[in-house]
Amino acid sequence: MQGRLLTPVAVVALTALAGCSSGSSSSLSSSGSPAASSGAPKPASPASAPPASGNQLQDAYQKVIADVLPSVVQITTGESLGSGIVYDDKGDIVTNAHVVGTATTFAVTLANSTKSLDASLVGSYPDSDLAVIKLSSPPSGLKPAAFGDSGKVQLGQITLAMGSPLGLSSSVTQGIVSATGRTVSEPRGAGSPGATIGNMVQTSAAINPGNSGGALVNLDSQVIGINTLAAAEPQANGAAAPGIGFAIPASTITNIADQLIKQGKVTNSGRAALGITARTSFNQQFQPAGAVIVAVTPGGPAASARLQAGDVITKIGDTPVDSLNALTTALASLTPGSKVTVTYTRDGNTQTADVTLGTLETTS
């Protein structure tokens, strides 16, 4: 999954966190960070320092773990292994689509248990890399997780990542929110079409293969994301890049999961779209040079803005577009109903159109 393309600052490989994983390259954009404090703080005297501050933070961690870890499960399908989050007391469990892959039945192990439970697929939406499975016989006392407000996630917040990295069930690691609003594209693989997902949470909490589908949690015992990808270093033979992981935000999780549970499919993706079919356009040097419109949906956003087949899109807002993938990534960072200026060429002339974005149609 990749970063916003407004100002690319780094190129990394990204690795899905299910049992088997692979990497690919991606651009990540800069993100704001808290300003450094000006002026050196005055040293506190031993008498004024709070003696239990370290224990207070430790107590907070332990409370969060006690609150949330019972809601995090291990999911096994064939030889693949991942994690999931108990979504409700009826046995629904939300996880990554790439964890379930093409399977329809699963073995689920609850936290602090060695007995596996049978589960089956409710629905999968690979375009947002989310899926829901359901326990065949939910045990009594099943504890659903609480999901937080994505709009309140801020840089520097302490996070705990919970899941089954490398098969080590009920594992917990700690970090902070390193960035928000990342737009990231997954590597293609079994069960994953290489989805591009917007508004992801970047965290420094250690996440590894097997963590996919697990919970990224704040100190209010709320799930703020599903651990999905980790960055990998191309120069280190694909080894994990320490402290760079990505989680799908809670707002996307609840939107997609609710639809999968209620109707078995997604009818409102919550993702922005132009209402076109497009492909990468190449210049005379056979270099990618934009996204050419192949067809326009009648009555859709592009049609209303008088875009037409043959137009080559070169910019969405201030974001350059040199390929279909770049267009998809640019749109993933936007929301339906927002207005954006589309720059395109027609008959060799550069033009612009103001477009009110629609909603990406679903195929599930």
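Residues numbered from 1 in each chain as written. Predicted model: local features only at pLDDT ≥ 70, side-chain atom pairs only at ≥ 80, totals over all residues. Heavy atoms only, no water.

Re the overall build of the protein
Argument step 1. The helix and strand inventory of the protein stands at 5 helices and 22 strands.
Argument step 2. Counting the 364 residues in the protein, one finds 46% classified as buried.
Argument step 3. The contacts of the protein with a sequence gap of at least 6 include a subset with a gap of at least 24, amounting to 61%.
Argument step 4. Surface summary for the protein: the accessible area is close to 16,900 Å², and the carbon and sulfur share equals 50%. (Helix = DSSP H or I, 4+ residues; strand = E, 2+ residues; numbered from the N terminus. Buried < 20%, exposed > 50% of the residue type's maximum accessible area, 1.4 Å probe, protein only. Contact = heavy atoms within 4.5 Å. Areas by Shrake-Rupley, 256 points an atom, 1.4 Å probe, with all protein chains shown as cover.)

Considerations on the pairing of strand β5 (residues 92–95)
Argument step 1. Residues of β5 alternate between two faces, with Asp 92 and Val 94 on one and Ile 93 and Thr 95 on the opposite face, all of them buried.
Argument step 2. Both strand β4 (residues 80–86) and β5 contribute to a ladder of 2 bridges, which runs antiparallel. Within the sheet, the bridge partner assigned to Val 86 lies in β5 and is Ile 93.
Argument step 3. Remark: 5 residues form the turn of the hairpin made by β4 and β5, two consecutive strands paired antiparallel; Gly 91 in that turn has positive phi of roughly 100°.
Argument step 4. Of the strand pairs in this sheet, β5 and strand β8 (residues 130–135) are connected by 4 bridges, and their pairing is antiparallel. Note on β8: the bridge partner recorded for Thr 95 is Ala 131. (Pairing = 2+ DSSP bridges.)

Topic: the confidence of the model for the protein
Argument step 1. When pLDDT is averaged along the protein, the result is 83, and 81% of the positions lie at 70 or above.
Argument step 2. Note that residues 1–12 has pLDDT below 50 and, in this model, 61 contacts with residues that lie over four places away or in other chains.
Argument step 3. Counting contacts from residues 18–51, a segment whose pLDDT is below 50, to residues more than four positions away or on other chains yields 67 contacts. (pLDDT = per-residue confidence, 0-100.)

Let's talk about the pairing of strand β16 (residues 276–282)
Argument step 1. Bridge count between β16 and strand β17 (residues 288–296): 7 bridges; the pairing is antiparallel. Residue pairing across strands places Ala 278 opposite Ile 293, the latter belonging to β17.
Argument step 2. Linking two consecutive strands that pair antiparallel, namely β16 and β17, is a turn of 5 residues; a positive phi of about 60° is found at Phe 286 within it.

Describing the environment of Ser 164
Argument step 1. Tracing the backbone shows Ser 164 in the loop between β9 (158–163) and β10 (171–185).
Argument step 2. Judged by relative accessible area, which is 2%, Ser 164 ranks as buried.
Argument step 3. Apart from the residues lying within four places of it in its own chain, the contact partners of Ser 164 are Val 73, Gln 74, Leu 81, Gly 82, Ser 83, Ser 169, Ser 170, Pro 209, Gly 210 and Asn 211.
Argument step 4. A polar contact is formed between the side chain of Ser 164 and the side chain of Gln 74, at a distance of 3.3 Å. (Polar contact = N/O pair within 3.5 Å; in protein donor to acceptor, adjacent residues only side chain to side chain.)

Here's the deal with the nonpolar core
Argument step 1. Within the largest apolar cluster, 31 residues are counted, with the highest numbers of intra-cluster contacts made by Val 68, Ile 85, Val 94, Phe 147, Met 162, Val 223 and Ile 253.
Argument step 2. For this core, the secondary structure elements donating two or more residues are α1 (53–68), β8, β9, β11 (196–203), β12 (215–217), β13 (223–233), β14 (239–249) and α3 (250–263).
Argument step 3. Considering every element that reaches this core, the biggest residue donor is α3, with 5 residues.
Argument step 4. Contacts of Val 223, omitting those with residues within four sequence positions, involve Val 68, Ile 85, Ala 145, Ala 146, Phe 147, Gly 148, Ala 215, Leu 216, Val 217 and Ala 250. (Core = buried A, V, L, I, M, F, W, Y, C linked by side-chain atoms within 4.5 Å.)

Quick notes on the pattern of salt bridges
Argument step 1. Within the structure shown, the criterion is met by 2 salt bridges.
Argument step 2. The partner of Asp 67 in a salt bridge is Lys 63, with the nearest N and O atoms 2.8 Å apart. Within this pair, Asp 67 and its partner Lys 63 are both found in helix α1, separated by 4 residues, close to a single helical turn.
Argument step 3. Since its relative accessible area comes to 24%, Asp 67 is described here as partly exposed.
Argument step 4. A salt bridge links Asp 311 to Arg 346; the nearest nitrogen and oxygen atoms lie 2.8 Å apart. Within this pair, whereas Asp 311 is found in the loop between α4 (301–304) and β18 (312–316), its partner Arg 346 is found in strand β20 (residues 339–346), the two being separated by 35 residues in sequence. As far as the burial class goes, Asp 311 and Arg 346 line up, both buried. (Salt bridge = Lys/Arg side-chain N within 4 Å of Asp/Glu carboxyl O.)

With respect to the environment of Phe 147
Argument step 1. Mapped onto the secondary structure, Phe 147 falls in the loop between β8 and β9.
Argument step 2. Residue contacts for Phe 147: discarding those within four places in its chain leaves Ile 85, Tyr 87, Val 94, Gln 222, Val 223, Ala 250, Ile 253 and Thr 254.

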